[in-house]
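# A structural walkthrough
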Amino acid sequence: MGSPNVRGAVFMMLSMASFALNDVFMKLVFADIGLFQAILLRGLMACAIIATACWATGLFNDWQRIKTVITNRLVAWRSVGEAGATVLFLSALQAMPLANVTAILQVLPLTITLGSALFLGERVGWRRCGAIAIGFVGVMLIVRPGSDGFTVYAFFALGAALFVTVRDLTTRSLPKAIPSLLISLLTALLITMIGALGSLTETWQPVGTVQWVYLASAAVMIMGGYVFSVLAMRDGEVSFIAPFRYSILIWALMLGFFVLNEVPDTLAMIGSAIVVGTGLYTFYRERIVAKKASISDASSAA
């Protein structure tokens, strides 16, 4: 498929398309089924699909590798990040337009940059700090606290972004020897258990043929999202691959318009543009800083 950067970019776009399609199917299901019931049913199907893939590729025959995945602290934190993001994001998705929720999550490059500075000791200059501040202004245009259209679910979407930040920061540090399918299976199992516990607080609704089709489609898409996201973050340069995350916003706008009949208002579109613009600038600055560091190291070695 070409260089690692090209592969990573393709994996990232496939991941974003899968997640967007999953979101649409889940939003359609929410019209008839409760949040946790839907998460549980989708999770059971997703676990079955991923487990079958693990069995077919012989991963279940290597107990030592399975034990390594289960006991790895980074895998555990990544799973917690994914699980928290799933519950908060889908909670927000129930009450907000798809494009708005998706746009709020595009603050991720900014939160990842901030998280890298706070927890990984990476240096972040004033330009990227400024981009982070402006990016959050864009998020506020989408969220608009204090307006008539504001709901607490907007903060759920912001919370989801923080959990995804945890997920992506830990993914960057995972050993490449740990198979992506096993990581995806562990994540799916945790989310399914959360769905099972949460479903005890809901009144279960009957599931018709159409709802089963939506849930099965969502299960396939979420598996693709899990696997491709892990592959994307582990292949090539993060600063090159990460901007392709914004392809999900295009998917969300198109699917929201054509499938869900949702049209974001002007302020939400302006906020989305600001968030995307500052995120792209952050990636640009990261590449500049990395290039300068590379030149400096080469000069020191000489």
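Residues numbered from 1 in each chain as written. Predicted model: local features only at pLDDT ≥ 70, side-chain atom pairs only at ≥ 80, totals over all residues. Heavy atoms only, no water.

To continue, consider the nonpolar core. Among the nonpolar cores identified, the biggest contains 77 residues, and Ile50, Leu90 and Leu181 are the most heavily contacted of them. Ignoring sequence-local partners within four residues, the contact set of Leu90 consists of Met26, Phe30, Leu35, Ile39 and Arg42. (Core = buried A, V, L, I, M, F, W, Y, C linked by side-chain atoms within 4.5 Å. Buried < 20%, exposed > 50% of the residue type's maximum accessible area, 1.4 Å probe, protein only. Contact = heavy atoms within 4.5 Å.)

With 88% of its residues at a pLDDT of at least 70, the protein reaches an overall mean of 83. Per-element confidence in the protein is highest for helix α2 (residues 35–56), whose mean pLDDT is 93, and lowest for helix α11 (residues 238–241), whose mean pLDDT is 70. (pLDDT = per-residue confidence, 0-100. Helix = DSSP H or I, 4+ residues; strand = E, 2+ residues; numbered from the N terminus.)

Turning our eyes to something else, we now look at the pattern of salt bridges. Inspection of every chain in the model, using the stated rule, returns six salt bridges. In this structure, the salt-bridge partner of Glu82 is Arg167, at a minimum N-O distance of 3.2 Å. Here Glu82, found in helix α4 (residues 73–95), pairs with Arg167, found in helix α8 (residues 153–172); they are 85 residues apart in sequence, far enough to count as distant. For the pair Glu82 and Arg167, one class covers both residues: buried. Here the salt bridges share partners, and the residues they tie into one network are Arg78, Glu82, Arg167, Asp168 and Arg245. (Salt bridge = Lys/Arg side-chain N within 4 Å of Asp/Glu carboxyl O.)

Another aspect to go through is the packing of α4 against helix α10 (residues 209–234). With their axes 14 Å apart at the nearest point, α4 and α10 run at an angle of 135 degrees to one another. The angle between the axes of α4 and α10 places the two elements in the oblique class. Considering only the axes of α4 and α10, their crossing is right-handed. Only Tyr226, Ser229 and Val230 of α10 make contact with α4, whose side of the interface consists of Arg78, Glu82 and Thr86. Tallied by class, the residues present in the contact of α4 with α10 amount to two nonpolar, two polar and two charged. (Axes fitted to C-alpha atoms, helices over the stretch in contact; angles between N-to-C directions. Parallel < 35°, antiparallel > 145°, perpendicular 65-115°, else oblique. Left-handed = near helix turned anticlockwise from the far one by under 90°. Nonpolar A, V, L, I, M, F, W, Y, C, P; charged D, E, K, R; others polar.)

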